[in-house]
Amino acid sequence: MVLLSKSKFVSGCQCPKLLWWTVHEPLAEELQPDKVLLDRFDQGRLVGELARERFPGGLLIDLPHHDRDARVAATARTLASGAPAIFEACFEAGGVFLAVDILQRTEAGFTLIEAKSATSVKDDHITDAAIQAWVLAQAGVSVTRVEVMHLNKEYRHPGQGDLFVRTDITEAVLAFLPSVPGRVAEMARMLEGDNPDQPIGAHCFEPRDCAFMPRCWPDDPDHISTLYNNGPKRSVEYMAQGIHSIWDIPKAKKLPPAALRQLRALRENRIIVEPGLAQALIPFEGRLGYLDFETVARAVPVWDGLAPWGQATAQFSYHEEQPDGSYTHVGWLAEGPGDPRRELAERLIEATKHARHIATYSAFEKTRIAELQLLVPDLAVPLGELLGKLADLLPVVRNYVYHPGFKGSFSIKRVLNPLVPELTYNDLVIVDGLVASVEIARLLFVAHKIPIEERDRLRQDLLSYCERDTWAMVRLMGRLRELGSMSSSEQ
Ligand code: SF4
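Residues numbered from 1 in each chain as written. Predicted model: local features only at pLDDT ≥ 70, side-chain atom pairs only at ≥ 80, totals over all residues. Heavy atoms only, no water.

Take the side chain of H125 next. Within the secondary structure, H125 sits in helix α5 (residues 123–138). For H125, a relative accessible area of 4% corresponds to the buried category. When near neighbours in sequence (up to four residues on either side) are disregarded, H125 contacts K116, A118, S120, V148 and I169. (Helix = DSSP H or I, 4+ residues; strand = E, 2+ residues; numbered from the N terminus. Buried < 20%, exposed > 50% of the residue type's maximum accessible area, 1.4 Å probe, protein only. Contact = heavy atoms within 4.5 Å.)

One pass over the structure, following the stated rule, counts nine aromatic pairs. Pairing W303 with F445 gives two aromatic rings, centres 5.6 Å apart and planes at 55°, and the pair type is tilted. A residue pair is termed long-range when its members are at least 10 positions apart, and W303 in the loop between β8 (288–297) and β9 (311–321) and F445 in helix α17 (residues 433–445) qualify at 142 residues. With a centroid separation of 5.9 Å and 80° between ring planes, the pair formed by Y402 and F410 is classed as edge-to-face. Each member of the pair, Y402 together with F410, is buried. Taking the ring centre of W309 as reference, the NZ or CZ of R40 above it sits at 4.3 Å. For the cation-ring pair, R215 lies above W21, with the distance from its terminal atom to the ring centre recorded as 4.7 Å. (Phe/Tyr/Trp six-rings, centres within 6.5 Å; stacked < 30°, edge-to-face > 60°. Lys NZ or Arg CZ within 6 Å of the ring centre and 35° of its normal.)

Right, let's talk about the sheet that holds strand β11 (residues 357–360) for a bit. Pairing within the open sheet is mixed, and its five strands lie in the order β10-β9-β8-β11-β12. Either end of the sheet is taken by a strand with one partner, and the two such strands are β10 (327–333) and β12 (390–392). Recorded for the sheet is a direction-independent mean angle of 30° between the axes of neighbouring strands. With nine bridges connecting them, β8 and β9 associate as antiparallel partners. (Pairing = 2+ DSSP bridges. Axes fitted to C-alpha atoms, helices over the stretch in contact; angles between N-to-C directions.)

Nothing here speaks to function; it is all geometry.
Below you can see the structure in the form of structure tokens.
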């Protein structure tokens, strides 16, 4: 019989098929954590360790993970010793083995505490806590209160407010608890059989995106989920009405202009360029720069003014078109664990001072520069001038161009290939912003753990990635100008 764990129970509550694959195909590619998820685990571990510091006298059950019996026995001994709190207390009952993050002894009984690196209580925290409360009840431990101890979104480094918030979820857990034995029995029965039939639906995204979506969701360019602006919720609503293809959408349905353009492009199997593209590119005339940022976000912030998971700019790439038609490039990446944002702001102001306009792709850079203004007030004026030069290319693409290859998305990586097929990211090691973010964090905060040759290579990989993002914008702008002049001459 398969022994359930907290995470398996939570997966089983999301979807039986997800649990079946998790148990029967533990080596599935989809289940192997990537760099971003591994970093998330590291952040969670750090948060857990800091949470424990709030319980003086607490004792950790620190035994090898595979030795379940020894961990359960050590927990029983520690409970009997009267310790005020136990960390990683282990219990096995009803076909479930689990470890409780923090079990705090109180006069009334025990408070069961889940330590989370999130900044609020999520639905799966309730499920997670409920299975623990159920197992502890069978093990004879009197739990009188259940809490999630999560990061406080109001906290600001260094030390402004409390890093943690303890939220009482006892009522929600009590409401969920009666369903736990039935769910556990059903999961055990299901796991004895074949992979269950389970249609796709809202549960594929809730409480979190399922890793098996590429297996279960149709790889169909006309599927309703590929319609622009159709998030998971709207796709599932359409599917509930029997609408699975974008061609089944009722004619009277009101859609955003970009979605209507998408339908037209797919119907005519060609790129659609709206009249007016050339005019929309006027804000990008004159000496034009192209700017892209990469940021780091840590669960426990390390630089002034940052909240938990607050984003801090640590890298930029800047291309600028020169009067003779050539391009210059400036790339900058922080070094070491100190706060890099003042130096970044100075370098940025210097690099961009000759530009008339500066293209970005989304409002991300605008938001980060506004934050820099607050952080480095003596540079607020030149940073304000820089803000005044920014022009966002994303709405121009969204409002005037659609190629069937966009597949309902206007992200730069999605639009680049159809519009500039000769430029790819295929030759790069880092090809994704989330990976870049965790790799920057690794380079800045744990460089001592990286061999020197790898450190230099990683630094170069990060510089190359960010540079490609701005060069992609340069090439995209060239293509948009061509399309704009073609559409103007057709009018
Ligand atoms: S994609 Fe959806 S149906 Fe498939 S395993 Fe995941 S949650 Fe279940």
